[in-house]
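Here's the letter readout for the chains.
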Amino acid sequence: MDNCSVLHLLLMISIMPGWLGGDLIISRKQQEIRSSKASRGSHLRVRRGWIWSQIFVEEEDPTPRKIGQLKSDYDTGNFTIKYILSGEGAGEIFIIDEYTGDLHSLQSLDRELKPFYILQAQAINRRSKQPVEPESEFIIKVQDINDNAPEFINEPYISSIPEMCPTGTTVIQVTATDADDPLFGNNAKLIYSILQGEPYFSVEPKTGIIVTSWSNMDREAREVYLVVVQVKDMLGLNGGYSATTTVTISLMDVNDNGPTFQHNLYTFAISESAPVGTTVGRIMADDSDVGLNAKMNYSLEDLEESSTFTIQTDPDTQEGIVILDQPLDFESKRRYVIAVEAINENIDTRFLSAYEFQDRTTLKITVTNVDEPPIFSETSYSWKVLESAQIGTQVGTIYARDTDTTNNPIRYSISKSSDTRQIFRIDPSNGTVYVANSLDRETAAWFNLTVNAREIRDDQLSSSVSVLISILDVNDNVPTLSQDYQPYVCEDTQAGELIELISATDADDPVDGHHFYFSMIPDKHINPNFTIRDNQDNTASILARRSTFTQHDRTHYYLPVVIRDSGSPILSSTTTLTIRVCVCQPTGHCPSAGVEAQALALDLNMQILLGLSVCLLTLAVLSTLILAVRKYKTLRQEKMATQELETEEFSEKILSFTVPETQSNQTVCLRHPHRRERKLCREQVTTSIRMSLRHSHLIGPEDGVFQQFIMDRLAEADEDPYVPPFDCLHTYAFEGTGSVSGSLSSLESEVTGSLSSLESEVTGSPSSLESDTSDTCMSQTRDSGPQLLRLSPWLGAADDDTLF
């Protein structure tokens, strides 16, 4: 038999139960009636009932047709019984012939929407209107046809399996459903098959389980597979419906590949000036795996060179980052050759051996030259010097060199900002540092210098270094009392009682710390009042040597205290303490402590204030007197000026003088003909005349100074319009010695003899000037003596204004 015959046989066998079930079906009411009849036995009359066959209606049939008949066994065919139909779909979907009981369907039915209908039937006598048969219930079943295609549920189907998995590994199960009746025929019998995805995958026909059918599938070759699965109803026979779905199957990665370098040699270059931490370059070992399986670690295998460089793994890209770990020097080493190894973190020996999970390559790094600044022999310098070091003392030497191949000479200097007081100096050629100024540890205990080293040639690159100089202490400060003590002794103090506890301080800082010694000034006589006890802890106690101190006897005592330090050399100082006698309270407190000092300070302040007040008062009085005198003089001058306006006016002013050598008279104009007239104040005129008179009396007539004086006065009168005299003609001539009239100058002359006496006092050999009258302002000398005309009216001065 061929396959087609077998399939037809299977189909017939599955359909036979439906046919066998097509016999008469008695309704529940009819079965109850018949059972009741049987129970009554032969004594009762057998009651008749409904007669009909099982009613089926094929779905999706729109043609109205007869589907069955309901009939009572009382129906004799004379149409005396009326049939009535009620229930689901009665009158709309189903109708009954009231005379014959034939059932008809009016429209198509869908079993998937409603598989059966429950109806009720009645048989009534037309004449009596009484039921012939009791109301009975019957069912009309909708018979299925293959009118629905199968459908996949739970879509989409996505699954993952590890790569390299064995054949038969379950991938996923697909499921389809069919809305047709699974109990009637083969309409809902489904069969699964693969349309796309072979030979890698297969599906079980009845369950829809997809399994692998190809071993060692490699994710690196293909990662995703799209498998198309088909499902058919009616066991796959012709005329059935089908549906398809796509299953996405991804291969999960396993560590079946090791890292591999694409090159056997990687070359990089880096400048020698690159700082530590600089990235030299990146290298990458390829690994076809992904995720955790692709993680790897890099390491440098050459132990000799690995100390200069390190390598790290970039967690994002899995690259090896080569990093500079130590400073480079082109002059020391110019090339580095390093072996690099990459190895997987997670090793799975099911697929590869342990050796296959690693790979090696070579790294070549070239150092490029850079013109570098000078390099100091030390990163910083620290020196010490005594504060007593003399100027010119050598403190230390700094050394720097040019590490480049040119090896340029170096010049040293100290940054001015780090040594503003110029305490130190440096030799620019050899870097030796000397003391250039006096040191004082108490002023500055240390110095932080910045020394610069600069190349003399090329680009003059420079670098700097820090030099810390600590000043060591020497004992050059005397110890002093730590504070201004104001001790006092109570009148009732007993001998041996403590008066004051004193301590000392010292600006020095000895290594072993301070240790002070206190004592009194050595004297022939012992101090009968007080003594000093050294407590050996840098303090001393002042003790009373006797009792009964009274203010009546003495209010103050003076106690010199000698303090010595322990330095080398030993220094000491003497401080005199003033111990006051006080009437103390019962508690030993002196209520007047500090009152006398305050009174003394107050008295001093009062004296200062009083002195300042007297000075200010004196200045005020003097100022008032000066202003009063000046005002008086001003008023008097104004008055005299008013009187002078009424006197005779003088026109041109000519100065005539006689030079002794030539005995000739020369006339000089006192003013420039074209100059502007300007009056000078009387004080300026008077001052000039006085100076002239003083010089003329002090210097002899034959002295060159006298002659020069005359010439200077002539030049001033000719050039300067503001020099006196203004209103008079003067003739000067040498009178010789012993002149009775003395100087002939009319200025400042009183009656006769005031200038003569002055001349006698100054020169000792009087000389006079003879007046040569050429004007009404002067008069000739007669036998009775010179007659002098005063110039005061012309100058506008009072009688006493021109007197010396």
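Preceding this paragraph is the structure being described.
For the structure given in this document, a descriptive report is provided here.

By the definition in use, this model includes two disulfides. Across the protein chain, the disulfide pattern expressed with sequentially numbered bonded cysteines is 1-3, 2-4.

This paragraph deals with the pairing of strand S39 (residues 498-505). As judged from the two bridges shared by strand S37 (residues 480-481) and S39, these two strands associate in the antiparallel manner. Considered in S39, the bridge of Thr480 is made with Thr505.

Following the criterion strictly, the structure yields 14 aromatic pairs and no others. Consider the rings of Phe79 and Tyr99, whose centres lie 6.1 Å apart with planes at 80 degrees: the pair is edge-to-face. A residue pair is termed long-range when its members are at least 10 positions apart, and Phe79 in the loop between strand S4 (71-72) and strand S5 (81-87) and Tyr99 in the loop between strand S6 (94-96) and strand S7 (102-105) qualify at 20 residues. Classification of Phe79 by relative accessible area gives partly exposed; the value is 47%. Classification of Tyr99 as partly exposed rests on a relative accessible area of 37%. Taken together, Tyr200, Phe201, Trp214 and Tyr225 form an aromatic cluster joined through their ring pairs.

What follows is about the pattern of salt bridges. As enumerated under the stated definition, the model contains 15 salt bridges in all. As a salt-bridge pair, Arg111 and Glu112 come within 3.4 Å of each other at their nearest N and O atoms. Using a relative accessible area of 25% as the deciding quantity, one classes Glu112 as partly exposed. Several salt bridges share partner residues, and in doing so they unite Arg219, Glu220, Glu223 and Asp253 into one network.

What counts, and where the lines are drawn
Residues numbered from 1 in each chain as written. Predicted model: local features only at pLDDT ≥ 70, side-chain atom pairs only at ≥ 80, totals over all residues. Heavy atoms only, no water. Disulfide = S-S within 2.5 Å. Pairing = 2+ DSSP bridges. Helix = DSSP H or I, 4+ residues; strand = E, 2+ residues; numbered from the N terminus. Phe/Tyr/Trp six-rings, centres within 6.5 Å; stacked < 30°, edge-to-face > 60°. Buried < 20%, exposed > 50% of the residue type's maximum accessible area, 1.4 Å probe, protein only. Salt bridge = Lys/Arg side-chain N within 4 Å of Asp/Glu carboxyl O.

Everything listed here is a matter of geometry and, on its own, says nothing about what the molecule does.
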